Every structure is written in C-alpha cells, then in structure tokens.
Amino acid sequence: GSWYKIDSINLPASGGFKFTRPAAGFPDIYRLRLDDKSLYFPVDSIETVTVMAKADAFDSDFTLKGSPQAEMMMDVERKLYEAVSRLGLNATGDSLLKREIGTRLLDDPSGIVSYYVINKRIGGTALFDPSNKRDLSIIGAVANAYSRERPNDPRTAWLSNLYVSNFASRRPSMPRDTVVAGEIGFFDIELYDSEGNKRSLKDEFKGGGPVILNFTVYSAESSPAYNAMLNSVYEKYRDRGLRIYQVSIDNDEFAWRQSAKNIPWTAVYNSAHDGDEYLLKYNVKAVPTTFVIGRDHEIKQRVEDITKLENVVVKQL
C-alpha cells in the first residue's frame, strides 16, 4: 500500500516532540520523517515507543525503546544500514546478513517487524527474494505464522499469496531405487541449528563416544514418543561420550525451530533449499531412520527397532 500522513509538528529548539494516536485494530508500521530522512518504528497496540535520533543522521543514528518489536526493528535496521554502508546495493546478496536477520524473523514470525522485513527493498531489490528457495522458506514461515496467529490481519492474505505464487516446486520425492552398502565410514553432514549456527556431524565425535544419527520429522504423530526413547538412551550414556545428531526434514521451519529449542542434543534442519543430498547418501526412505556410528567413525548399524537401540549403543562404548 501507500504511506498516509497522520500528523506533523514543528520542532522546538529542544528537539523534543510527542504524538498520540488512537490504537489501531492491528499492529502497524509508522514512518517518522525529518526533512529528507526517515526512520521506521512498529506499534502493536497501546504501547509508547520512544525515539531518540540525531538530526543530521536521523535515518541511521537512532534508538527505539518501549517494546520488544521496536527494539527488534532497531536491531534489524542497524544491521541493514551497516551492510549497505559496507557493500552498497550488493547487501541483498550478503548470505550471512540474511541468515542472521532470517533467524530473528523466525523467533517471532507473526510480528509486524517480520512483515516489514519481508517487504524491505534495498535500491529497489527485495532483501528476501521470493524466487530464491532459501528466501522463500523464510517468507513461507512468516506467511504460515500470520495465517495461524493473525487470520484477520489484512496482511495475511497478501503474505500467503506471495508465498504460494512463488512456490514453484516442493521437495523431490525419495528415489525408488535402493542403494545397498556395507559397513562404511560415515558421510559428514553440515546443517544449521535453531540458533543459526552451522553444526557438523563429524564434530560430534569430539565427545569421544559413539554417535546416534537420526533423521526425523518433529510434526509426525510418533515423534514425541520416539524422541523420548532417544532421550532415555542419551541420558544413560552421555557421560560416556554418547552424542546424538538429529536431522529434521519438517516442512514448517518455524514449528521445528520452536521444538528444537527444547532438544538436549544437536538438532539441525534440512530445508527444501538444502535438497536431498544427505537423505540420498544415507538412503533414507522413511522417517524416523536411525544409525549408530562407532568411535572409529564407521557406520555400525541401521537401527530399525528403536527398542534395540540401547543394545547397539552399549556395544560401541
């Protein structure tokens, strides 16, 4: 939509000012202009947001206080300003910046700041490009959260349409041909955890003991019970070096992120953008699929029956 002027004021010599407006029916983004410079801040409902800025750097040197959303907005805008200062219009291609901001969005995907960032453009180029698979997964998480938490918000339908219209293809189906392999050294995996940190399977062996590799879907009905059995084995033998590296292929990254925060072992996410490389290497046909990898870094057994997992682990201690 467009920007609509709702009020204005002539600043006194002290520079202090104050605006008061009736609360809107839903969260919104407001723009504050001084001459040719602008800064943005969110208002959820009835909070007071305090803005402090220097007149000669009004759009870059400012502080927002009064709500978590306002502070999140300030943090995101500062990161973007620093990236643009360093990279210019190429800031939209800074994968580290986008991953950091994307992680912030996934902490509160139904917030108004997430909507704002999805629409953010730098030099006319979208920060999160819906034609990019990884970017689209972030857009999808925000769209899903809005549909779930804010079904009546006028932005919800727009977000859903943005996601659906750009969702060209879903995760390819698993291959039907079966790859049969004997006892081999493991294939390393490098994926990101819920905090946005890259975690590798090989690093799990620093604990000195065997490693359980598990492919799963947290949203599956059987997942809680399966994780409970994994945890039972993990708690028994973690002091003897046992580690678990759990790879999730959930469709809803936001829901996975919320669940993964409560997992005591290493939990990483294999998104649609990451593809099926690791699933193919480990011949994962269905989930859950679990392997035990020995201290010597050899795959010892594919555990089909979770009740026998402890016996397999004990042999590798």
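To be clear, the structure that these remarks concern was listed above.
Quick caveat: nothing in here was measured; it's all calculated off a predicted structure.

## Structural notes on the packing of aromatic side chains
Counted according to the given criterion, the structure contains twelve aromatic pairs. Ring plane angle 80 degrees and centroid distance 5.6 Å describe the contact between Tyr-234 and Trp-265, whose orientation is recorded as edge-to-face. Placement of Tyr-234 in helix 6 (residues 223–237) and of Trp-265 in the loop between helix 7 (253–260) and strand 11 (266–269) is noted, with a sequence separation of 31 residues between them. Each member of the pair, Tyr-234 as well as Trp-265, carries the same accessibility label: buried. An aromatic cluster of three or more residues is present, and its members are Phe-187, Phe-215, Tyr-282 and Phe-291. Positioned above the aromatic ring of Tyr-192, the side-chain terminus of Arg-99 is 3.3 Å from the ring centre. Sitting over the face of the ring of Tyr-115, Arg-155 holds its NZ or CZ atom 5.2 Å from the ring centroid.

## Comments concerning the nonpolar core
Leu-39, Leu-64, Ile-101, Leu-105, Val-117 and Ile-118 are the most contacted members of the largest nonpolar core, which has 42 residues in total. For this core, the secondary structure elements donating two or more residues are strand 1 (28–34), strand 2 (37–43), strand 4 (62–65), helix 1 (68–87), helix 2 (95–107), helix 3 (112–118), helix 4 (133–149) and helix 5 (154–166). Those residues in contact with Leu-64 that lie beyond four places of it in its chain are Leu-39, Tyr-40, Phe-41, Thr-50, Val-51, Ala-70, Glu-71, Met-73 and Met-74. If you look at the next biggest cluster of nonpolar residues, it comprises 21 residues, including Tyr-234, Leu-242, Val-303 and Val-313.

## Focus on the sheet that holds strand 8 (residues 198–200)
Spatial ordering of the open sheet is given by 8-7-11-10-9-12-13, a layout of seven strands whose pairing is mixed. Looking at the sheet topology across the chains shown, the edges are occupied by strand 8 and strand 13 (299–303). On average, each strand axis in the sheet is tilted by 35 degrees relative to the strand beside it, whichever way the strands run. Bridge count between strand 7 (residues 190–193) and strand 8: three bridges; the pairing is antiparallel. When the sheet's bridge partners are listed, Tyr-192 is paired in strand 8 with Lys-198.

About the criteria used
- Residues numbered from 1 in each chain as written.
- Predicted model: local features only at pLDDT ≥ 70, side-chain atom pairs only at ≥ 80, totals over all residues.
- Heavy atoms only, no water.
- Phe/Tyr/Trp six-rings, centres within 6.5 Å; stacked < 30°, edge-to-face > 60°.
- Helix = DSSP H or I, 4+ residues; strand = E, 2+ residues; numbered from the N terminus.
- Buried < 20%, exposed > 50% of the residue type's maximum accessible area, 1.4 Å probe, protein only.
- Lys NZ or Arg CZ within 6 Å of the ring centre and 35° of its normal.
- Core = buried A, V, L, I, M, F, W, Y, C linked by side-chain atoms within 4.5 Å.
- Contact = heavy atoms within 4.5 Å.
- Pairing = 2+ DSSP bridges.
- Axes fitted to C-alpha atoms, helices over the stretch in contact; angles between N-to-C directions.

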